[in-house]
Amino acid sequence: MDVTERLRAARSLLFVPADDRRKVARAWTSGADAVVLDLEDAVAPARKQAGRQLVSEVLPATGPLRIVRVNGTDTPWAAEDLRMLDGMSVDAVMLPKASPESLSAVGDEGPPVIALVETAAGLRRAYEIASHARVVALALGGADLGAELSWAEDAAAEELLHARSVLVVDSAAAGIRAPFDVVHLAVGDPEGARVEAERARRLGLGGKLCVHPRQVPVVNTVFAPSQREREWAARVVRALDEALELGSAVAVVDGKLVDAPVARRARATLRAAEAHSASSVTTSKEAQCN
Ligand SMILES: CC(C)(COP(=O)(O)OP(=O)(O)OC[C@H]1O[C@@H](n2cnc3c(N)ncnc32)[C@H](O)[C@@H]1OP(=O)(O)O)[C@@H](O)C(=O)NCCC(=O)NCCSC(=O)C[C@H](O)C(=O)O
Ligand SMILES: [Mg+2]
């Protein structure tokens, strides 16, 4: 799979403070689909240069996708972050507090952008953000958005529903992949992360931001079609193909009507299953080579 396909299929994006050599080393073997080397909130102002230095040293040629989160374009650090990335081979840049204006500031040329929607103004303009030429995915920044909107500290389903749905709809309308869900801040609670991820997937999100390696397998499992879903999808596609051969546009599978949109969903499930198994093969082959 090439980088574009891998960005489209990614489920887990693991953040790691860019100035923490030990954690960065561990992140590459976490099983995450992508590692996000964070120069923004995980790195103290006095350590920004140390973070950039480590980023320039540690990017492996193989393994998980390599993403760098730069500082916001309204900060004194962004210009230097972006200059550093100019000469480097990263798979994507993550832009915090994304807005049409901050996207103009990073320009039309360069690696793909994952836009973090985490301000009220950004949420209102999510479709414009998703439509920018470099943007390949949106991600929801629940910590920043929650602080701005005074959500409860343990914000969950109700508080997140509107923002999650806006991102799902605006991503689909702009023709980009399904968005990434918020980070689950309780790093010792992978079960909580699972519940949150399952809820997000039901709403149509396609993956989740992670802040600890133990969240990664949970997220990878939730956002991949299960065996049961794959079997259902195969039965649906077969049943509708057989029906069409007999001149009918409908069939019944497991007691439920199957027609064109149901078959479209089933084909998407089969494509996702194939992409995830191809990307696991790629990653494990690369791990063997390292
Ligand atoms: C939250 C943490 C600081 C906790 O770290 P720690 O106390 O070291 O946790 P553990 O003892 O449980 O760690 C066990 C081992 O795992 C390694 N580890 C931990 N976290 C990571 C990680 N993210 N990547 C790679 N490796 C990790 C530890 O080093 C231990 O290994 P070892 O040393 O070999 O024993 C920490 O989890 C952390 O720093 N997380 C990421 C923080 C971060 O990047 N934050 C910014 C992104 S979130 C955000 O900004 C949200 C968004 O913008 C919004 O607004 O919503
Ligand atoms: Mg944030």
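Residues numbered from 1 in each chain as written. Chains lettered and ligands numbered in written order. Predicted model: local features only at pLDDT ≥ 70, side-chain atom pairs only at ≥ 80, totals over all residues. Heavy atoms only, no water.

Naming follows an unreviewed UniProt entry, where the chain appears as CoA ester lyase of Acrocarpospora pleiomorpha. What UniProt states about the chain under its Cofactor (unreviewed entry) heading is, verbatim, "Mg(2+)". (UniProt positions renumbered as here; feature names shortened; annotations may be inferred.)

## Some points on the site of ligand 1
Near ligand 1 you find 22 residues, and of these Arg-22, Arg-69, Ala-143, Val-211 and His-212 are the closest. Within the backbone of Phe-15, one N or O atom sits 2.8 Å away from a nitrogen atom of ligand 1. Lys-23 is positioned such that a nitrogen or oxygen atom in its side chain is 3.2 Å from an oxygen atom of ligand 1. In isolation ligand 1 has 1000 Å² of accessible area, and contact with the protein removes 70% of it. Counting residues per element, the ones that place at least two in the shell around ligand 1 are strand 1 (12–17), helix 2 (21–27) and helix 8 (142–149). (Near = heavy atom within 4 Å. Polar contact = N/O pair within 3.5 Å; in protein donor to acceptor, adjacent residues only side chain to side chain. Areas by Shrake-Rupley, 256 points an atom, 1.4 Å probe, with all protein chains shown as cover. Helix = DSSP H or I, 4+ residues; strand = E, 2+ residues; numbered from the N terminus.)

## Quick look at the coordination of the magnesium ion (ligand 2)
For the magnesium ion (ligand 2), the protein coordination sphere consists of Glu-118 (OE) and Asp-144 (OD), at 2.0 to 2.1 Å. Placement of Glu-118 in the loop between strand 5 (113–117) and helix 6 (120–124) and of Asp-144 in helix 8 is noted, with a sequence separation of 26 residues between them. (Donors = N, O, S within 2.8 Å, 3.2 Å for Na, K, Ca; no water.)

## Some points on the packing of aromatic side chains
Scanning the entire structure with this criterion turns up zero aromatic pairs. The ring centre of Trp-77 lies 4.7 Å from the NZ or CZ of Lys-48, which sits over that ring. (Phe/Tyr/Trp six-rings, centres within 6.5 Å; stacked < 30°, edge-to-face > 60°. Lys NZ or Arg CZ within 6 Å of the ring centre and 35° of its normal.)

## Quick look at the UniProt feature "binding site: substrate" (unreviewed entry) in the chain
Mapped onto this numbering, the UniProt entry annotates "binding site: substrate" (unreviewed entry) at Arg-69 and Glu-118. Spanning 50 residues, the named residues form one tight spatial group whose C-alpha atoms are at most 13.8 Å apart. In this fold, Arg-69 is placed in strand 3 (residues 65–69). When residues no more than four places from it in sequence are discounted, the contact partners of Arg-69 are Phe-15, Val-36, Leu-37, Asp-38, Leu-39, Glu-40, Asp-41, Met-94, Pro-96 and Leu-116. Once residues lying within four places of it in the same chain are set aside, the contact partners of Glu-118 are Pro-96, Lys-97, Gly-141, Asp-144, Leu-145 and Glu-148. (Contact = heavy atoms within 4.5 Å.)

## What to know about the confidence of the model for the chain
Residues at a pLDDT of 70 or more form 96% of the chain, whose mean pLDDT is 94. The model gives residues 284–290 a pLDDT under 50, and that stretch makes four contacts with residues more than four places away or in other chains. In the model output, the complex is listed with pTM 0.95 alongside ipTM 0.99. (pLDDT = per-residue confidence, 0-100.)

## Here we look at the domain arrangement of the chain
Accessible area lost when the parts come together is the quantity often used to give the size of an interface. Split into domains, the chain comes out as domain 1 (3–223) and domain 2 (227–287). Each of domain 1 and domain 2 was reduced to a C-alpha centroid, and the two centroids are 29 Å apart. On the side of domain 2, five residues touch domain 1, which itself brings eight residues to the contact. Taken together, both faces of the contact between domain 1 and domain 2 bury some 630 Å²; the carbon and sulfur share is 48%. Together, Arg-6, Ala-9 and Arg-11 form the three largest contributors to the area buried by domain 1 at its contact with domain 2, with a combined 49%. Counting across the domain 1 and domain 2 interface gives one salt bridge. A salt bridge links Glu-229 to Arg-201; the shortest N-O distance between them is 3.2 Å. The interface formed by domain 1 and domain 2 holds two residue pairs in polar contact (both at pLDDT 80 or more) in total. (Domains from an automatic or database assignment. Buried area = accessible area lost by both parts, 1.4 Å probe. Salt bridge = Lys/Arg side-chain N within 4 Å of Asp/Glu carboxyl O.)

## Examining the nonpolar core
In this structure, Leu-37, Val-55, Val-68, Leu-85, Leu-138 and Leu-167 are the most contacted members of the largest nonpolar core, which totals 52 residues. Ranked by residues supplied to this core, first place goes to helix 9 (residues 157–174) with five residues. Excluding anything up to four places from it in sequence, Leu-37 contacts Val-16, Ala-18, Val-24, Trp-28, Val-55, Leu-59, Ile-67, Val-68 and Arg-69. In this structure, Ala-10, Leu-65, Ile-67 and Leu-116 belong to the second largest nonpolar core, which totals 17 residues. (Core = buried A, V, L, I, M, F, W, Y, C linked by side-chain atoms within 4.5 Å. Buried < 20%, exposed > 50% of the residue type's maximum accessible area, 1.4 Å probe, protein only.)

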